[in-house]
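# Survey of secondary and tertiary structure
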Amino acid sequence: MSEEAFDLVVVGAGIVGLGAAYEGLRRGLRVAVVERSAGVKGASVRNFGHVGVTGQSGEALGYALEARERWLELAAEAGFWTSQRGGAIVARGEEEQALLEQLAAERGHAQLRLHGADAIREATGAADARITGGALLPLDLQVDPREAAPAIARLLEARGVVFRWGAAALGIEPGSVTTASGTLRADAVVVAVNADVDQFFPQLAAEARLRRCGLDMLLLDWRGAPAVPHPLLTGSSMLRYSAFAGLDGAEALRERIAYEQPEMIERDVNQMVTQRPDGTLIVGDTHYRGHAVAPFQEERSFDYLLELNEQLFARRAPVLQRWQGVYASAPQEFLLADPAPGVRVASVTTGIGMTTGLGFAAHAVAGLL
Ligand SMILES: Cc1cc2nc3c(=O)[nH]c(=O)nc-3n(C[C@H](O)[C@H](O)[C@H](O)COP(=O)(O)OP(=O)(O)OC[C@H]3O[C@@H](n4cnc5c(N)ncnc54)[C@H](O)[C@@H]3O)c2cc1C
């Protein structure tokens, strides 16, 4: 059994843990990352790769703006693909249009640029006749989720961060993290295990009302179809992201969708897509919550996502892959707590960790040291 000493040990090699390790490295610390899987396999590779800055507000917007800088820095240093073309959102109806106009007035041209129906169809590849207009969101970024976090891990490893892959943390105490193959001594520990906070600190998880959220996702063969150059959001996204959901009029939109498309609300769908650099299209997503997430994905959810996608683009495409993602879910968007001296839990408790995680993790490490 080995025993090694570090300034900072991070548990979990998702985007939050990698962000914490990166911050430690920037501060000149000796850093180790303990990850139970053989690679980055959690939510951080199963998502859309949308860094959706403009959709955030309050604390999340602050983290998102900081994360945006770090994404660009890391993409340049690690050499992974990133797109700065910005995000896009289509409106299909007056409630959606009104929310876009309200946010445009609040945030200004630098963050949200309104477009008419034809222009937004042209810019996004969407073809739905119900589109009434839309907006481009220039601050949003896009990364390839399957490539970005693993590339960051490789960069950190090359810069001297010690990775213990395939090593589940079994015990976390002030000053140490125990795995089956040894103990890592640490002045400070960051626990970045997404929804698995309850495995180590059940009381903290219960107090934060932490649950798991499962999501159904699809990958389509989009060859031969018009490009989708921006991460593309829809009205259902406006019900979810706080910049829109906090506006007057969001409730009217929810009521309209509930009346016209009850299944959208029932399956808690956020209809959005991103196109990966290889041309494939990531399509999602449904949401279902509980202390545990059922592994049995409903075929109807996939059919429904495909129907919605067909309406949006007026085209069908072959399904290449289906998968389930899981993230932490709680009434607050972030869980940051110190359950023991020198031990900090950092979890993004809604589906915005790719957007905010690198900024949130930097803040978590700064506060701990
Ligand atoms: C389908 C889907 C779509 C999404 N789309 C977006 C999006 O487009 N934009 C956006 O901003 N966000 C999105 N999100 C949310 C985002 O992906 C997550 O918030 C983010 O990846 C969480 O990062 P994390 O590091 O906390 O978790 P993870 O990436 O899950 O990493 C946690 C790591 O901890 C490890 N771990 C757990 N327990 C232990 C242990 N005992 N010992 C060692 N290691 C352990 C796990 O193996 C895992 O690797 C999406 C999420 C999903 C699931």
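Residues numbered from 1 in each chain as written. Predicted model: local features only at pLDDT ≥ 70, side-chain atom pairs only at ≥ 80, totals over all residues. Heavy atoms only, no water.

### Some remarks on the domain arrangement of the protein chain
Here the protein chain is partitioned into domain 1 (2-49 + 146-208 + 332-368) and domain 2 (87-138 + 211-329). Listed by partner, the interface residues are 17 residues for domain 1 and 22 residues for domain 2. Approximately 1400 Å² of surface area, both sides summed, lies buried where domain 1 meets domain 2, with 53% of it carried by carbon and sulfur atoms. A per-residue breakdown of the area domain 1 buries against domain 2 is headed by R46, F48 and R146, which together make up 52% of the total. Our count for the contact surface shared by domain 1 and domain 2 stands at two salt bridges. Inspection of the domain 1/domain 2 interface yields 10 residue pairs in polar contact (both at pLDDT 80 or more). Of all the secondary-structure elements, those providing two or more residues to the side of domain 1 that touches domain 2 are α2 (43-46), α7 (197-200) and β20 (343-348). Broken down by class, the residue content of the side of domain 1 that touches domain 2 amounts to five nonpolar, seven polar and five charged. (Domains from an automatic or database assignment. Contact = heavy atoms within 4.5 Å. Buried area = accessible area lost by both parts, 1.4 Å probe. Salt bridge = Lys/Arg side-chain N within 4 Å of Asp/Glu carboxyl O. Polar contact = N/O pair within 3.5 Å; in protein donor to acceptor, adjacent residues only side chain to side chain. Helix = DSSP H or I, 4+ residues; strand = E, 2+ residues; numbered from the N terminus. Nonpolar A, V, L, I, M, F, W, Y, C, P; charged D, E, K, R; others polar.)

### Let's talk about the packing of aromatic side chains
For the coordinates displayed, the defined rule picks out seven aromatic pairs. Look at F334 and F360: their rings are 4.9 Å apart centre to centre, the planes differ by 40 degrees, and that puts the pair in the tilted class. Placement of F334 in strand β19 (residues 334-340) and of F360 in helix α14 (residues 353-368) is noted, with a sequence separation of 26 residues between them. Judged by its relative accessible area of 11%, F334 is buried. Joined through ring pairs, the aromatic side chains of Y63, F334 and F360 make up one cluster. The ring of W323 carries the charged tip of R146 above its face, separated from the ring centre by 4.9 Å. Its end group placed over the ring of F302, R322 keeps NZ or CZ at 5.1 Å from the ring centre. (Phe/Tyr/Trp six-rings, centres within 6.5 Å; stacked < 30°, edge-to-face > 60°. Buried < 20%, exposed > 50% of the residue type's maximum accessible area, 1.4 Å probe, protein only. Lys NZ or Arg CZ within 6 Å of the ring centre and 35° of its normal.)

### Thoughts on the packing of helix α1 (residues 15-26) against helix α6 (residues 148-158)
Interhelical geometry of α1 versus α6 gives an angle of 30 degrees and a closest axis separation of 10 Å. Taken together, the axis directions place α1 and α6 in an arrangement best described as roughly parallel. Judged by the twist between their axes, the crossing of α1 over α6 is left-handed. Within the contact between the two elements, α1 uses I15, L18, A21, Y22 and L25 and α6 uses A149, I152, A153 and L156. Classifying every residue of the contact of α1 with α6 by side-chain character gives nine nonpolar, no polar and no charged. (Axes fitted to C-alpha atoms, helices over the stretch in contact; angles between N-to-C directions. Parallel < 35°, antiparallel > 145°, perpendicular 65-115°, else oblique. Left-handed = near helix turned anticlockwise from the far one by under 90°.)

### Considerations on the pairing of strand β12 (residues 182-191)
Counting buried residues in β12 gives eight out of 10 residues, a clear majority hidden from the surface. Two elements, strand β11 (residues 176-179) and β12, share four bridges in a ladder whose sense is antiparallel. The residue of β12 that forms the bridge with T178 is T183. Two elements, β12 and β20, share three bridges in a ladder whose sense is parallel. Looking across to β20, one finds that V189 is bridged to V343. (Pairing = 2+ DSSP bridges.)

### Details of the pattern of salt bridges
All told, the structure shown has 28 salt bridges when counted by the stated rule. Salt-bridge contacts for R159 lead to E77; the nearest nitrogen and oxygen are separated by 2.8 Å. With R159 in the loop between α6 and β9 (162-165) and E77 in helix α3 (residues 58-78), this residue pair connects regions lying 82 residues apart in the sequence. Since its relative accessible area comes to 44%, R159 is described here as partly exposed. We note a salt bridge from R212 to D196, for which the minimum N-O separation is 2.8 Å. Placement of the pair is R212 in strand β13 (residues 211-220) and D196 in the loop between β12 and α7, with a sequence separation of 16 residues. Grouping residues by exposure puts R212 and D196 together as buried. A cluster of three or more residues bridged by salt bridges with shared partners is formed by E23, R26, R27, E66, R70 and E73.

### Quick look at the site of the ligand
The ligand sits among 37 residues. The nearest are E35, S44, H50, A169 and T355. The side chain of S44 places a nitrogen or oxygen atom 2.5 Å from an oxygen atom of the ligand. At 3.5 Å, a backbone N or O of I352 approaches an oxygen atom of the ligand. Compared with its free state, where it exposes 1000 Å², the ligand has 96% of that area covered by protein. Of all elements in the fold, only α1, β2 (31-35), α2, β13, β18 (319-329) and α14 reach the threshold of two or more residues within the shell around the ligand. When grouped by side-chain class, the residues that make up the shell around the ligand number 19 nonpolar, 14 polar and four charged. No fewer than three residues from each of domain 1 (2-49 + 146-208 + 332-368) and domain 2 (87-138 + 211-329) sit in the shell around the ligand. (Near = heavy atom within 4 Å. Areas by Shrake-Rupley, 256 points an atom, 1.4 Å probe, with all protein chains shown as cover.)

### Considerations on the nonpolar core
Counting residues in each nonpolar core, the largest one holds 99 residues, and the members touching the most others are W71, F80, V190 and L232. In terms of residue count, the dominant contributor to this core is α3 (eight residues). With sequence-adjacent residues up to four places away left out, F80 is seen in contact with W71, L74, A75, V143, E147, A148, A151 and I152. Membership of the second largest hydrophobic core comes to 28 residues, among which are A32, V189, L210 and V345. (Core = buried A, V, L, I, M, F, W, Y, C linked by side-chain atoms within 4.5 Å.)

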